[in-house]
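Examination of the molecular architecture
Spelled out, the chains give:
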Amino acid sequence: MSSSETERPRGADSPADRANGALPSEVAPRLRALRRQASLTLEAAARAAGLSPAHLSRLETGQRQPSLPMLLALARIYGTTVSELLGETVAERDAVIRAADMEATAAGGWTYWQAGAPGRGMQALRVHVPHGSQGDIVRVHPGEEWLHVLRGRLRLRLGDATHRLAAGDSAHFDSLTPHRIAAEDHDGVDLLFVHTLLQSPTAALCLGSDPGDMT
């Protein structure tokens, strides 16, 4: 089990869980409901997300905490957004998202804030990536991504090329290009991140070479 995933008992969230950024307990059954709504077996959904069926089963029963890349993968596969997957729905789509309304969520060592409205064709996030977090995870999936460095220095690997981005630099690329990101500074890096959502149950996100040990 990776250091970013911890065993969590079933039931209501405790104050300690919320303080540590644990995801709401309702997420686990919602993952199962969305998979069934997409008419996917546990094996098919796990294969599309680059997970083992046992790992996905533990996510659906609340025995494991999904990381942000896992949530992004499953949202694409189930044709939804991370915010809707987490149950963060709003009565109506406001064009303006106020800073005070952006609640921080921790997943897989990352901290992110929803910077866009749910249910859109693109998803906008403000993300903090700590130093040493997920720098070896390679992602490949349909769509496009755009990121902008707000603070710190970012190492971006696109295919065989490595790019180093400083504050104010941006990157816009096809997500089918194998890519990975890592913070260069020990204080981490802050990003604005926008990606397109492929509304298809067959969309896939590949995270690393070992589906059984992903973060």
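The structure displayed is predicted, hence computed values, not measured ones.

On to the overall build of the chain, then. Scanning the chain from terminus to terminus reveals six helices and nine strands. Sorting the 215 residues of the chain into buried and exposed places 45% on the buried side. If you sum the accessible surface of the chain, you get close to 10400 Å²; carbon and sulfur atoms cover 51% of it.

Okay, the confidence of the model for the chain next. When pLDDT is averaged along the chain, the result is 75; 73% of the residues meet or exceed 70. Note that residues 1-21 has pLDDT below 50 and, in this model, 39 contacts with residues that lie over four places away or in other chains. Per-residue pLDDT stays below 50 along residues 198-215; that stretch engages in 59 contacts with residues further than four places along the chain or on separate chains.

Here we take up the sheet that holds strand 4 (residues 144-151). Taken together, the six strands give an open sheet; going across it, the order is 1-2-3-9-4-7, and neighbouring strands pair in antiparallel fashion. Among the strands making up the open sheet, the edge pair consists of strand 1 (104-107) and strand 7 (170-174). The average undirected angle you get between the axes of adjacent strands in this sheet is 25 degrees.

With antiparallel pairing, the three strands of this open sheet are ordered in space as 6-5-8. Among the strands making up the open sheet, the edge pair consists of strand 6 (161-165) and strand 8 (179-183). Across the sheet, the mean angle separating the axes of adjacent strands is 20 degrees when strand polarity is ignored. In terms of strand pairing, strand 5 (residues 154-158) meets strand 6 through five bridges, oriented antiparallel. When the sheet's bridge partners are listed, Arg155 is paired in strand 6 with Arg164.

Burial analysis of strand 2 (residues 110-114) places four of its five residues in the buried class, the great majority of the element. When strand 1 meets strand 2, the two strands line up antiparallel, connected through four bridges. Its bridge partner being in strand 2, Ala106 is matched across the sheet by Thr111. Linkage of strand 1 to strand 2, two consecutive antiparallel strands, is achieved through a turn of two residues, within which Gly108 is found at a positive phi near 60 degrees. Pairing geometry for strand 2 and strand 3 (residues 122-129), over four bridges, is antiparallel. By the bridge assignment for strand 3, Tyr112 is matched with Val127.

This part covers the side chain of Gln123. With respect to the element layout, Gln123 can be found in strand 3. Within the local environment of Gln123, its side chain forms a polar contact with the side chain of Gln114, the two groups lying 3.2 Å apart.

Right, let's get into helix 2 (residues 27-37). Taken together, the buried positions of helix 2 are occupied by Val27, Ala28, Leu31, Leu34 and Arg35. One face of helix 2 carries all of its buried residues, which in axial projection span an arc of 125 degrees. Seen from the open side of helix 2, the exposed residues pointing more than 90 degrees away from its buried face are Arg36 and Gln37.

Time to look at the packing of aromatic side chains. Per the stated rule, a full pass over the model turns up zero aromatic pairs. We note Arg126 situated over the ring of Trp113; from NZ or CZ to the ring centre the distance is 4.2 Å.

Parameters and conventions
Residues numbered from 1 in each chain as written. Predicted model: local features only at pLDDT ≥ 70, side-chain atom pairs only at ≥ 80, totals over all residues. Heavy atoms only, no water. Helix = DSSP H or I, 4+ residues; strand = E, 2+ residues; numbered from the N terminus. Buried < 20%, exposed > 50% of the residue type's maximum accessible area, 1.4 Å probe, protein only. Areas by Shrake-Rupley, 256 points an atom, 1.4 Å probe, with all protein chains shown as cover. pLDDT = per-residue confidence, 0-100. Contact = heavy atoms within 4.5 Å. Pairing = 2+ DSSP bridges. Axes fitted to C-alpha atoms, helices over the stretch in contact; angles between N-to-C directions. Polar contact = N/O pair within 3.5 Å; in protein donor to acceptor, adjacent residues only side chain to side chain. Arc of directions from axis to C-beta. Phe/Tyr/Trp six-rings, centres within 6.5 Å; stacked < 30°, edge-to-face > 60°. Lys NZ or Arg CZ within 6 Å of the ring centre and 35° of its normal.

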